[in-house]
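Observations on chain architecture
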Amino acid sequence: MPLDLDHVRNQFPALGSGWAYFDNAGGSQALKSVADRISDYLLTTNVQTGASYETSRHATERLAEARARIALLFNARRAEEVVFGASTTMLLRLLATAMAGSLAPGDEIVVTEFDHESNIGPWVGLRERGVVVKFWPLNKQTLKPDLADLEALMGPRTKLVCVTHASNILGTINPIREIADLVHRYGARICVDGVALAPHRAIDVQALDCDYYVFSLYKTYGPHLAVLYGKYDHLLELDGLYHYFYGRDKVPMKLEPGNPAYELAWGSAAIVDYLEELGGTSGRASVEAAFEAVTQQEMALAEHLLAYLRGRNTVRVLGDSRSDGTVRVPTISFLLEGADPLALIAATDARHIGIRHGDFHSRRLVESLGLPAQNIVRASLVHYNTLGEVDRFIDVLDRAT
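Residues numbered from 1 in each chain as written. Predicted model: local features only at pLDDT ≥ 70, side-chain atom pairs only at ≥ 80, totals over all residues. Heavy atoms only, no water.

You'll find the protein entered in an unreviewed UniProt entry as Cysteine desulfurase-like protein, with Mesorhizobium hungaricum given as the organism.

Here's what the structure looks like:
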């Protein structure tokens, strides 16, 4: 069934401001139900977990329920496979730190030239421990990763491959299961940055067979918080990052130093409630049904904008210019040729349209393609955007380019 867009937009109070938010890949708007849960937690159960008194028991139950709800969002096998953290950047830093003790000099990690820096920098930092870091380049002709190029980098000492599920500039969806199968044939593990995909598609870590998967909830209609999935046995192997008396078996708490932000974790559970409502029932099948409807809405939005951009000689779409939801998400970046991007940004600001330009922290990708970052403009759409908002943006583009 198609989305009831009026109902959807009513769940996001910020959308009533008159602004068209096209900077969703930087941070989506939050559900009112998320804010309500956060407020309720702070006003009724704002105590430390783990004590015997009633309020603490209630707080502990809420954290456990929140973890279980996010596990449903991942389709993880167990709630203990979910780690909360401040951001994707921080969680990947923590993962690299926790993994460092199991790596020996000469062990190899493969990173990409087409990821957000969050899934590159922490691994490059392990060079200080003698780890060899190899870069998987993007095919410059197709603007897609080539698995043959990855296989050429794999060897008996490859321990980890780090890759993005979808590019936050190109919008391209990468074939994670195929990559995971290749990686596992070499006895290595895979760490996936799903930040740019999670707002748009149902994540199924079991179907993907990924070892680690991370994304930001503040880009997925929730609060400024992130979550990391790890196969339970893999999390057990990691070094602890908390106090020395948090043993290796204390998963996931040993990877949440200082404890997670309880109120934000509790608020995040409302994301799953919202998806279940859109899906018409409850459970994993409902989440998947919701994202099917989300995909159809987003494909219509993307096609409306991409059809216009394809017809402009002064615009070069970066990535696949089709709106096919199997190959891209509606994160649409384009290069302005012969026009001033700052003038366009000023014009969109004046029309209450929020967009952004630059390299979006995927600087290695931009540099490898030899692109002028200041000329890259990105309109990142999500399911609560409307065709009317896209028309406003097109009108601005018509006048500015």
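**Some words on the pairing of strand S7 (residues 158–164)**
Judged by how many residues are buried, S7 sits mostly within the fold: six of seven residues are covered. As judged from the three bridges shared by strand S3 (residues 108–112) and S7, these two strands associate in the parallel manner. Of the residues in S7, the one forming a bridge with Ile 109 is Leu 160. (Buried < 20%, exposed > 50% of the residue type's maximum accessible area, 1.4 Å probe, protein only. Helix = DSSP H or I, 4+ residues; strand = E, 2+ residues; numbered from the N terminus. Pairing = 2+ DSSP bridges.)

**Some remarks on unusual backbone geometry**
Of the consecutive residues Val 251 and Pro 252, the connecting peptide bond is found in the cis state with omega at 5°. Note on placement: Pro 252 falls in the loop between helix H9 (232–237) and helix H10 (262–279). Despite not being glycine, Tyr 221 shows a phi value in the positive range, around 75°. Classification of Tyr 221 as buried rests on a relative accessible area of 2%. Unusually for a residue other than glycine, His 361 sits at a positive phi of about 65°.

**Things to note about empty space enclosed by the protein**
One pass over the full model with this rule turns up five cavities of 30 Å³ or more. Looking at the largest cavity, its volume works out to about 60 Å³. Among the residues forming the lining of the largest cavity, the class breakdown is six nonpolar, four polar and one charged. In terms of domain composition, the lining of the largest cavity takes at least three residues from each of domain 1 (5–29 + 282–400) and domain 2 (34–274). (1 Å grid on protein atoms, 1.4 Å probe; cavity = no way out; pocket = protein on both sides within 12 Å on 5 of 7 lines; lining within 4 Å. Points joined across faces, edges and corners; volume = space filled by probe spheres on them. Nonpolar A, V, L, I, M, F, W, Y, C, P; charged D, E, K, R; others polar. Domains from an automatic or database assignment.)

**A few points about the side chain of Ser 362**
Of note, Ser 362 is situated in the loop between strand S14 (356–357) and helix H13 (363–368). Polar side-chain contacts of Ser 362 include one of 2.6 Å to the side chain of Asn 168. If sequence neighbours within four positions are ignored, Ser 362 has contacts with Asp 115, His 116, Asn 168 and Ile 169. (Polar contact = N/O pair within 3.5 Å; in protein donor to acceptor, adjacent residues only side chain to side chain. Contact = heavy atoms within 4.5 Å.)

**Points about the packing of aromatic side chains**
Scanning all chains against the criterion turns up 13 aromatic pairs. Relative to Trp 136, the ring of Phe 114 lies with its centre 5.4 Å away and its plane at 75°, an arrangement referred to as edge-to-face. One end of the pair, Phe 114, is in the loop between S3 and helix H5 (121–124); the other, Trp 136, is in strand S4 (residues 132–136), and 22 residues separate them in sequence. Look at Trp 136 and you get buried, because its relative accessible area is 0%. One aromatic cluster is present, formed by Phe 12, Tyr 221, Tyr 274 and Tyr 384 through successive ring pairs. Stacked on the ring of Trp 266, the Lys or Arg Arg 37 has its end atom at 4.1 Å from the ring centre. Cation over ring: Lys 250 sits above Tyr 246, and NZ or CZ is 4.3 Å from the ring centre. (Phe/Tyr/Trp six-rings, centres within 6.5 Å; stacked < 30°, edge-to-face > 60°. Lys NZ or Arg CZ within 6 Å of the ring centre and 35° of its normal.)

**Description of the sheet that holds S3**
Whether parallel or antiparallel, the strands of a sheet pair through hydrogen bonds between backbone atoms. In spatial order, the strands read S2-S10-S9-S8-S7-S3-S4; together these seven strands make up an open sheet with mixed pairing. Looking at strand neighbours, the two that pair on one side only are strand S2 (82–85) and S4, the edges of this open sheet. Averaged over all pairs of adjacent strands, the angle between their axes in this sheet comes to 20°, without regard to strand direction. Two strands pair when backbone bridges link them, and strand S8 (residues 189–193) and strand S9 (residues 212–216) are joined in this way by three bridges, in the parallel orientation. By the bridge assignment for S9, Cys 191 is matched with Tyr 212. Against the sheet, helix H3 (residues 54–74) makes contact with S2, S9 and strand S10 (226–230), and its axis sits at roughly 110° relative to S2, the strand it touches most. Strand contacts of helix H7 (residues 176–185): S4, S7 and S8, with the helix running at about 155° to S8, the strand carrying the most contacts. (Axes fitted to C-alpha atoms, helices over the stretch in contact; angles between N-to-C directions.)

**Details of helix H4 (residues 88–100)**
A turn of α-helix holds 3.6 residues, and therefore any two residues three or four places apart point the same way. Taking 1.5 Å of rise per residue, the 13 residues of H4 would be expected to cover 18 Å, and the 18 Å separating its terminal C-alpha atoms lies within 8% of that figure. Residues of H4 that are buried make contact with S2, H5, S7, S8, S9 and S10. (Expected span 1.5 Å × (residues − 1).)

**As for H7**
Considered for burial, the residues of H7 that qualify are Ile 176, Ile 179, Ala 180, Leu 182 and Val 183. In an axial view of H7, the angular spread of the buried residues amounts to 165°, which keeps them on one side of the axis. Contacts made by the buried residues of H7 are with S4, helix H6 (147–151), S7, S8 and helix H8 (205–208). Just downstream of H7, Gly 187 is the residue with a positive phi angle, here 75°. (Arc of directions from axis to C-beta.)

**So, the state of the cysteines**
For the structure shown, the criterion picks out zero disulfides. With no disulfide partner, Cys 162 has as its closest neighbouring cysteine sulfur the one in Cys 191, 4.9 Å distant. Of the residues examined, Cys 162 reaches a relative accessible area of 0% and is grouped as buried. Classification of Cys 191 as buried rests on a relative accessible area of 0%. (Disulfide = S-S within 2.5 Å.)

**Comments concerning the packing of H3 against helix H11 (residues 284–310)**
Where H3 contacts H11, the axes come no closer than 9 Å and their chain directions differ by 55°. Classified by the interaxial angle, the pair formed by H3 and H11 is oblique. For H3 against H11, the interelement crossing comes out right-handed. Seen from H3, the contacting residues are Leu 72, Leu 73 and Phe 74; seen from H11, they are Arg 284, Val 287 and Phe 291. Residue composition of the contact of H3 with H11, grouped by class: five nonpolar, no polar and one charged. (Parallel < 35°, antiparallel > 145°, perpendicular 65-115°, else oblique. Left-handed = near helix turned anticlockwise from the far one by under 90°.)

**Thoughts on the domain arrangement of the protein**
Taken domain by domain, the protein comprises domain 1 (5–29 + 282–400) and domain 2 (34–274). Between the C-alpha centres of domain 1 and domain 2 the distance comes to 26 Å. The interface of domain 1 with domain 2 comprises 42 residues on the first partner and 40 residues on the second. Both sides of the domain 1 and domain 2 interface together cover about 3,300 Å² of buried area, and 56% of this is carbon and sulfur. Area buried by domain 1 at its contact with domain 2 is led by Arg 284, Phe 291 and Arg 364, which between them contribute 22% of it. Two residues, Glu 298 and Arg 201, come together in a salt bridge whose shortest N-O distance is 3.7 Å. Across the contact surface, domain 1 and domain 2 share 22 residue pairs in polar contact (both at pLDDT 80 or more). Broken down by secondary-structure element, the contributors of at least two residues to the side of domain 1 that touches domain 2 are H11, strand S12 (331–336) and H13. Ranked by residues supplied to the side of domain 1 that touches domain 2, first place goes to H11 with seven residues. A breakdown of the residues in the side of domain 1 that touches domain 2 according to their chemical character gives 17 nonpolar, 17 polar and eight charged. (Buried area = accessible area lost by both parts, 1.4 Å probe. Salt bridge = Lys/Arg side-chain N within 4 Å of Asp/Glu carboxyl O.)

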